[in-house]
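Chains, contacts and geometry: an overview
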Amino acid sequence: MELSAYIKSVIDMDRASVVICNLDHTIIYMNPAAIGRYAKRGGKGLIGKSLMDCHNEKSKEIIENVVAWFGQSTENNMIYTYYNEKENKDVYMVALRDDDQNLIGYYEKHEYRDRENAKLYDFSRSLI
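Residues numbered from 1 in each chain as written. Predicted model: local features only at pLDDT ≥ 70, side-chain atom pairs only at ≥ 80, totals over all residues. Heavy atoms only, no water.

Quick word on the overall build of the protein chain
For the protein chain, the count of helices and strands is 3 helices and 5 strands. Summarising its shape, the C-alpha atoms of the protein chain cover approximately 45 × 40 × 30 Å along the three principal directions. Every one of the 128 residues in the protein chain was classed for burial, and the buried ones make up 28%. Restricting to contacts in the protein chain with at least 6 residues of sequence separation, those with at least 24 account for 34%. (Helix = DSSP H or I, 4+ residues; strand = E, 2+ residues; numbered from the N terminus. Buried < 20%, exposed > 50% of the residue type's maximum accessible area, 1.4 Å probe, protein only. Contact = heavy atoms within 4.5 Å.)

Rendered as structure tokens:
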């Protein structure tokens, strides 16, 4: 089996939204969590559309600046963008690079701060 199938599965099983964009800001992939989260904005129908259509002018400028920063060095790969108090999570933008370290796109990474409340090894329910 090709590695990409494993990577897709890792992304799909993440409880946090993952929206992957190319350098033209076109949404090329959304995991199930993102499709559900953005259902009111079009959900899966957002794939193939510009991420910029979902943002105001200031946000668009910030996104452009971050992508330019990613392009300046192969060491510029992740930047903290904000803390979402309502959901108690930190949000980052992350560069995506090919095998030759060329910038090919980006995604937004969500890291929740809430402690897990599931019981250890509780086989009676799925967390996803």
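What follows continues from the structure just given.
Things to note about the side chain of aspartate 90
Looking at the secondary structure, you find aspartate 90 in strand β4 (residues 89-97). Of note is the side chain of aspartate 90, whose polar atom sits 2.9 Å from the side chain of arginine 113. With residues up to four places along the chain from it excluded, the contact list for aspartate 90 reads Tyr80, Tyr82, Tyr83, Lys109, His110, Glu111 and Arg113. (Polar contact = N/O pair within 3.5 Å; in protein donor to acceptor, adjacent residues only side chain to side chain.)

Comments concerning the pattern of salt bridges
Close approach of charged atoms allows side chains with opposite charge to pair. Going through the model one piece at a time under the given rule, you end up with 7 salt bridges. Residue lysine 60 pairs with glutamate 57 through a salt bridge whose shortest N-O separation is 3.3 Å. Here glutamate 57 and lysine 60 lie together in helix α3 (residues 57-72), a separation of 3 residues that amounts to about one turn. Each of Arg37, Glu87 and Lys89 takes part in one network of salt bridges that share partners. (Salt bridge = Lys/Arg side-chain N within 4 Å of Asp/Glu carboxyl O.)

With respect to the state of the cysteines
The bond known as a disulfide is covalent and runs between the sulfur atoms of two cysteines. Following the criterion strictly, the structure yields 0 disulfides and no others. Of all cysteine sulfurs, the one in cysteine 54 lies closest to cysteine 21, which takes part in no disulfide; the gap is 8.8 Å. By relative accessible area, cysteine 21 is classed as buried at 1%. A relative accessible area of 32% places cysteine 54 in the partly exposed class. (Disulfide = S-S within 2.5 Å.)

With respect to the pairing of strand β5 (residues 103-112)
Across 3 bridges, the pairing between strand β1 (residues 19-22) and β5 is antiparallel. If you follow asparagine 22 over to β5, its bridge partner there is glycine 105. Two successive antiparallel strands, β4 and β5, enclose a turn made up of 5 residues, where glutamine 101 displays a positive phi of approximately 70 degrees. (Pairing = 2+ DSSP bridges.)

A closer look at the pairing of strand β2 (residues 27-30)
One ladder, built from 3 bridges, connects β1 with β2; its direction is antiparallel. Among the inter-strand pairings, cysteine 21 is bridged to a residue of β2, identified as isoleucine 27. Taking the residues between adjacent antiparallel strands as the criterion, β1 and β2 are bridged by 4 residues, where histidine 25 takes a positive phi near 70 degrees.

A few points about the sheet that holds β1
Taken in spatial order, the 5 strands of this open sheet run β2-β1-β5-β4-β3, and their pairing is antiparallel. Because the sheet does not close on itself, it has two edges, and the strands there are β2 and β3 (78-84). On average, each strand axis in the sheet is inclined to that of its neighbour by 20 degrees, with strand direction left out of account. Helix-sheet contacts for α3 involve β3, β4 and β5, and the interaxial angle to β4 is about 50 degrees. (Axes fitted to C-alpha atoms, helices over the stretch in contact; angles between N-to-C directions.)

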